[in-house]
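# Remarks on the overall topology
Chain residues, written in single-letter form:
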Amino acid sequence: MPKSEAALTIRLPARIDWWQGAIMMSLIAILVAFILYPVLRVLWVSLSDEKGDLTLIHFVNFFRRPLFREAFVNTLLSGLLVVFFGSLMAVPLAYCSARYEFRGKILLQTLATLPLVIPPFVGAVALQLILGRSGMVNLLLMRYFDVSFPFMEGLSGVVLVQTLHYFPFIMLNTAVSLANIDPSLEEMAQNMGCHGWRLFRRITLPLMLPGFMAGSLLTFIRVIDDLGTPLMLNYKILLAPQAYLRITTVGIDDVDGYAICVVLVVFSLLSLYAARKYLSLADYATAHRGVVVLKPIRGIRRAFVLGFIGIVLGLSLLPHIGIFLLSFSKIWSFSVLPTSYTLDNYTEILFRAPHFVKNTLLYTLLAAGLDVLMGAAIAFLLLRSRLPGRNFLDAIATLPLAIPGVVLAVGYLRVFHGWDFPGAGGPLTSHWMILVIAYTMRRLPYTVRACYAALQQVHLSLEESAQNLGANRMKTFLKITLPLITGGVVAGGLIAFVTSCVELSATIMLVPKVEMGPISYGIYVYMQSALGRGAGAALGVVAILLVSAGTYLTHRVFGGRAGSAFRI
Amino acid sequence: MMKAAQVRLENVGKRYGKQWVLRQVHLQIEQGEFYTFLGPSGCGKTTLLRTIAGFIAPDEGTVYLDGTPVNHVPPWRRDVGMVFQNYALWPHMSVYENVAFGLRERKVTRAEIDRRVMQALEQVDLKGTEGRRPSQLSGGQQQRVALARTLVIQPRVLLLDEPLSNLDAKLRAEMRLELLKLQREVGITTIYVTHDQEEALALSTRIAVMESGRIVQEGSPREIYEEPGDRFVAEFVGKSNLFLGTITRAADALIEVRTDNGLQIRAAFSVGSARAQQGETVLLNVRPEAVELKPPDAGTSEMNQLSGRVTALAYQGSSVEYEIEVRGRALKAHIVHPKGTPLFQPGDEVHLVFAPQNVGLLHHGL
Ligand SMILES: Nc1ncnc2c1ncn2[C@@H]1O[C@H](COP(=O)(O)OP(=O)(O)OP(=O)(O)O)[C@@H](O)[C@H]1O
Ligand SMILES: [Mg+2]
């Protein structure tokens, strides 16, 4: 009797480890197949010559071509300009949000989410109509003052659209790190005789800098990843559109395209690495005394703050207004406002070509579901198992943050084109599942982070005390762990859903046939012709509604910490 | 010698919403004093300290520094140095930069800064750490950096908010002595906040005991301990055996009290304490260390003798803490047993014996 009991206690953990090992192996296999290997293939193509030998010649060629050099400089420049102008709006707003209490503060919260619900490439079209050469503002200026401003021409148009879309990332990150500064650190400086601007410069600024830098770098990554905006504005001298053009016009074997992809990845990886460094620094000043008392402001100062918020809010609402008007217009060109209104655009996208909306729902919900499953499994393995190789798993699950959509798509085309994938009835790149896979992989880091954070808060002792009180593993998981992590897991899934809804960088290259395209692709296709723009805008409105619904739910689930979803 | 200041609070009150967290606080702290706010958690000590530092504006009353009202003087012009409970060392600056910060604000010359920072670090025994970041220091070292940073600007008043509470017991005892020496050395007016009564008794020239936003008693450590004004102070500062009863006989220097559970206790008046009348209800206080335990058969000359039974004991090294049941009440006794002598055991019948001089008479808080 005692003998078999001993055998049982020894076998039990062994069996569990075996299960964990099996899950770990399959996860690693999936991630290698769909993340690491495609990216490495891209890297290899760019580093090898026809004979298969290692060479740097493609990068030498890259920097020899003036067009690529210009695209390289422009990409850096656009990232820096977006961060710069974005910070001009974001930092004062973040300061107000973290330090002051005033009537009308709700506007600030609106401001932090409003720009994010409209995909930048949709916003690009709308801003063309409002600020473009023959848009609303310039037409009015011409009519009354006989001047016009080229707001939307060339790089400045791209920077304008992206600034208005991405500044909330900087704002949220900065606000969090400001709010995390222990108030006694500033009070101590006041106690020493320091106040006002000096206090800000010597204490507040250095302490909030890591969070601000992290937000800026994450914004930078998103800006250089953004393919849709330059395409919509027809400005192509940037790296992402160049890569896209090389592969789609010259062909999948064009080596220059691969070299550009690798340059993009290097940029993103460096930025991500630096962002993580800063984020770990950002937590060093966060020992809290307790309640942070927000300073009430009134009168002239409040008016000043509200005025600033109003201006930024007005600017960031322009795309929404434009797209809304366009979606109801029969025709809108060379006029201040649409000349006639119609519901046809909605009939078109809801009844004549409903597949865009249907596809989006199918793909993104599938992708979000897969992300939640994989994210939860990965988080569990990272936090609760002792298996070797966890760091590797973590690394490849984080990698997609630094892989621009174009690059992943090029990798997929390279790897999965031309051979029949088992079960797909043809090459994977001809099947709509390729989009689901791309979305799943691109958004996996969000669910991993969300599940990880949720599970991390369930301290092991909570589970142990349940087991100590007699609950077995299964019961412990169902009664203690699961309820505690549900919120985080659901929020992670919602973020994956929301961000997949408006994915265009990879979509645009991977859609096998127009009928298989999701909303973002539909918008792109419609926007190519002047007559289709109304329908494209209607799709844009649908996308905004989907994203808003998802964002709203995320806030409900995450509560006040919704902003943390945008800090990776 | 520093320019020590006098601090006066007149009728200071502060409320959050409808709730008053400070009420009618009057006090006067003289130059060079070591004055302590003592009270349980949440009684308003930190709030009071922050009011003096200028971080909180009182809703009523006035704060005076050296006779000048300072209600409208912002924190950075008050010249009172504060040491925060969590030290609030700036993580992005080295130890040297932390300590030099206040001097830079005061536009002191570079050479002078260097001299004074080094002197301050030496004073707190931290020479050689000036290049380190606060995170590379131990808790006790951080605490001393915080102290040096404040002392180096030679403020008029030093405010300390539970500066020792984050340290372990041994270090706390050491730092307590260090702090005392340092304060007496520089002669700075010091206001100290703690909820640790031992700390308060050991350090202070005077103590203000606080309860839910009010000062309930003010006095020297001996006065607070030996003549607590009411039940709250008696129980908060040190341990107490309290007896509620009626005076049955009042003589010149002695009263006799019959307690509500039928005990007979005699108490002597200390000089100057208020007279009590026959028939009055009073609260008596006997400190556990004033009690002696005797076997029931031993004779005694003391006038107070209660018989009871030991219910529990806790050996504490220097003394033994007994709990004794006397007429349905649990009383405490702290007894020092000479080495090798046997202890009383639970169930033992004992006599509690104490002199009338050791019985305190509480006038309030019945
Ligand atoms: N900003 C605030 N808003 C509302 N109530 C507050 C605020 N700050 C403090 N209080 C309340 O005021 C009371 C006194 O707080 P205070 O921090 O002064 O206590 P304390 O005596 O220092 O306590 P401790 O020993 O725990 O530090 C507490 O009941 C606290 O909850
Ligand atoms: Mg306190």
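In this text the structure is predicted, and so the values were computed from the model without any measurement.

Residues and elements named next belong to chain B. Overall, mixed pairing links the six strands, which are arranged S6-S7-S8-S3-S9-S10 in an open sheet. The sheet terminates laterally at strand S6 (80-83) and strand S10 (214-219), the two strands that pair on one side only. Neighbour-to-neighbour, the strand axes of the sheet open up by a mean angle of 20°, direction not taken into account. Both strand S7 (residues 157-161) and strand S8 (residues 189-194) contribute to a ladder of five bridges, which runs parallel. Following the sheet pairing, Leu 158 is matched in S8 by Thr 190. Against the sheet, helix H4 (residues 139-151) engages S6 and S7, with an angle of about 175° to S6.

Moving on, we come to the interface of chain B and chain A. On the chain A side, the residues contacting the 24 residues of chain B number 21 residues. Between chain B and chain A, roughly 2,100 Å² of surface is buried when both sides are summed, and carbon and sulfur atoms account for 59% of that area. Counting the surface chain B buries against chain A, the share from its top three residues, Trp76(B), His92(B) and Glu105(B), is 29%. Our enumeration of links across chain B and chain A arrives at three salt bridges. Salt-bridge contacts for Arg198(A) lead to Glu105(B); the nearest nitrogen and oxygen are separated by 2.8 Å. Summed over the shared surface of chain B and chain A, the number is twelve residue pairs in polar contact (both at pLDDT 80 or more). Elements that contribute at least two residues to the side of chain B that touches chain A include exactly helix H1 (45-53), S6, helix H2 (95-105) and H4 of chain B. If one sorts the elements of the side of chain B that touches chain A by residue count, H2(B) sits on top with four residues. Residue classes in the side of chain B that touches chain A are distributed as 14 nonpolar, five polar and five charged.

What follows is about the packing of aromatic side chains. Each aromatic ring pair is specified by the distance between its two centres and by the angle formed by the two planes. Residue and element names in this part refer to chain A. One pass over the full model with this rule turns up 23 aromatic pairs over all chains. Seen from their ring centres, Phe 34 and Phe 416 are 5.4 Å apart, and the 25° between their planes marks the pair as stacked. Of this pair, Phe 34 sits in helix H1 (residues 2-47) while Phe 416 sits in helix H17 (residues 405-416); the two residues are 382 residues apart in sequence, bridging distant segments of the chain. Across the pair, Phe 416 and Phe 34 agree in class, each one buried.

All names here are of chain A. In this model, helix H18 (residues 433-457) (25 residues) spans 35 Å end to end at C-alpha, consistent with the 36 Å of a helix rising 1.5 Å per residue. Bending of H18 peaks at approximately 45° at the position of Arg 443, with proline Pro 445 no more than four residues after it. Counting buried positions along H18 gives 19 out of 25 residues, so the element sits mostly inside the fold.

Below, the discussion takes up a nonpolar patch on the surface. A grouping of Leu140(A), Tyr144(A), Phe145(A), Val147(A) and Phe149(A) is seen on the molecular surface, where their side chains present a nonpolar patch of about 530 Å² in accessible area. Of the residues examined, Val147(A) reaches a relative accessible area of 37% and is grouped as partly exposed.

Let us now look at the pairing of strand S18 (residues 329-335) of chain B. Residue and element names in this part refer to chain B. Of the strand pairs in this sheet, strand S17 (residues 320-326) and S18 are connected by seven bridges, and their pairing is antiparallel. The residue bridging Ile 324 from the neighbouring strand is Leu 331, located in S18. Count of turn residues in the S17/S18 antiparallel hairpin: two residues, of which Arg 327 carries a positive phi of about 45°.

This part is about the pattern of salt bridges. All names here are of chain B. What the rule picks out here adds up to 28 salt bridges over all chains. Arg 116 serves as the salt-bridge partner of Glu 112, at 3.7 Å between the closest nitrogen and oxygen. Taken together, the residues Glu 112 and Arg 116, both in helix H3 (residues 110-123) and four residues apart, mark about one turn of the helix. Residue classification places Arg 116 among the buried residues on the basis of a relative accessible area of 17%.

Further remarks concern the packing of H2(B) against H4(B). Residue and element names in this part refer to chain B. At their nearest, the axes of H2 and H4 sit 7 Å apart, and the two run at 30° to each other. For the element pair H2 / H4, the angle class is roughly parallel. When the axes of H2 and H4 are compared, the crossing they make is right-handed. Between H2, through Val 95, Asn 98 and Val 99, and H4, the contact on the second element is made entirely by Val 145, Ala 148 and Arg 149. Per-class residue counts for the contact of H2 with H4 are four nonpolar, one polar and one charged.

Turning to the sheet that holds S18(B), a few remarks are in order. Residues and elements named next belong to chain B. With antiparallel pairing, the five strands of this open sheet are ordered in space as S15-S19-S16-S17-S18. Looking at strand neighbours, the two that pair on one side only are strand S15 (292-294) and S18, the edges of this open sheet. Ignoring strand direction, the axes of neighbouring strands in this sheet form an average angle of 45°. As paired strands, S15 and strand S19 (residues 349-354) are joined by three bridges and run antiparallel to one another. Across the sheet, residue Leu 293 finds its bridge partner in S19, namely Leu 352.

What follows covers the domain arrangement of chain B. Residue and element names in this part refer to chain B. One can read the domain layout of chain B as domain 1 (7-235) and domain 2 (239-362). Measuring from the centre of the C-alpha atoms in domain 1 to the corresponding centre in domain 2 gives 38 Å. In this complex, domain 1 contributes nine residues to the contact, which on the side of domain 2 involves eight residues. Between domain 1 and domain 2, roughly 710 Å² of surface is buried when both sides are summed, and carbon and sulfur atoms account for 49% of that area. Ranking the residues of domain 1 by area buried against domain 2 places Tyr 225, Arg 231 and Ala 234 at the top, with a combined share of 62%. Between the two partners, domain 1 and domain 2, sit four residue pairs in polar contact (both at pLDDT 80 or more). For the side of domain 1 that touches domain 2, the secondary-structure elements that each account for two or more residues are helix H7 (221-226) and helix H8 (231-236).

Here the focus is the site of ligand 1. Val293(A), Tyr16(B), Val21(B), Ser41(B), Gly42(B), Cys43(B), Gly44(B), Lys45(B), Thr46(B), Thr47(B) and Glu162(B) make up every residue found near ligand 1. This site is not confined to one chain, since residues near ligand 1 come from chains A and B. Gly42(B) is positioned such that a nitrogen or oxygen atom in its backbone is 2.8 Å from an oxygen atom of ligand 1. In this structure, Thr46(B) approaches ligand 1 through a side-chain N or O atom, which is 2.5 Å from an oxygen atom. Here ligand 1 has 640 Å² of accessible area as a free molecule, and 66% of this is covered by the chains. Here the element with the most residues in the shell around ligand 1 is H1(B); it accounts for three residues. Considering only residue class, the shell around ligand 1 consists of four nonpolar, five polar and two charged.

Next up on the list: the nonpolar core. Of all hydrophobic cores here, the largest spans 234 residues; its most connected members are Leu31(A), Tyr412(A) and Phe37(B). Among the elements that take part in this core, helix H7 (residues 154-179) of chain A stands out by supplying 13 residues, more than any other. Beyond its immediate sequence surroundings of up to four residues, Tyr412(A) is in contact with Phe34(A), Pro38(A), His417(A), Thr429(A), Ile434(A), Ile437(A), Ala438(A), Met441(A) and Leu510(A). Within the second largest apolar cluster, 29 residues are counted, among which are Leu263(B), Leu284(B), Tyr322(B) and Val326(B).

Calculation criteria
- Residues numbered from 1 in each chain as written.
- Chains lettered and ligands numbered in written order.
- Predicted model: local features only at pLDDT ≥ 70, side-chain atom pairs only at ≥ 80, totals over all residues.
- Heavy atoms only, no water.
- Pairing = 2+ DSSP bridges.
- Helix = DSSP H or I, 4+ residues; strand = E, 2+ residues; numbered from the N terminus.
- Axes fitted to C-alpha atoms, helices over the stretch in contact; angles between N-to-C directions.
- Contact = heavy atoms within 4.5 Å.
- Buried area = accessible area lost by both parts, 1.4 Å probe.
- Salt bridge = Lys/Arg side-chain N within 4 Å of Asp/Glu carboxyl O.
- Polar contact = N/O pair within 3.5 Å; in protein donor to acceptor, adjacent residues only side chain to side chain.
- Nonpolar A, V, L, I, M, F, W, Y, C, P; charged D, E, K, R; others polar.
- Phe/Tyr/Trp six-rings, centres within 6.5 Å; stacked < 30°, edge-to-face > 60°.
- Buried < 20%, exposed > 50% of the residue type's maximum accessible area, 1.4 Å probe, protein only.
- Expected span 1.5 Å × (residues − 1).
- Bend = angle between axes of the 7 residues up to and from the residue.
- Patch = residues over 30% accessible without salt bridge, like charges linked within 9 Å, V, L, I, M, F, W, Y side chains within 5 Å.
- Areas by Shrake-Rupley, 256 points an atom, 1.4 Å probe, with all protein chains shown as cover.
- Parallel < 35°, antiparallel > 145°, perpendicular 65-115°, else oblique.
- Left-handed = near helix turned anticlockwise from the far one by under 90°.
- Domains from an automatic or database assignment.
- Near = heavy atom within 4 Å.
- Core = buried A, V, L, I, M, F, W, Y, C linked by side-chain atoms within 4.5 Å.

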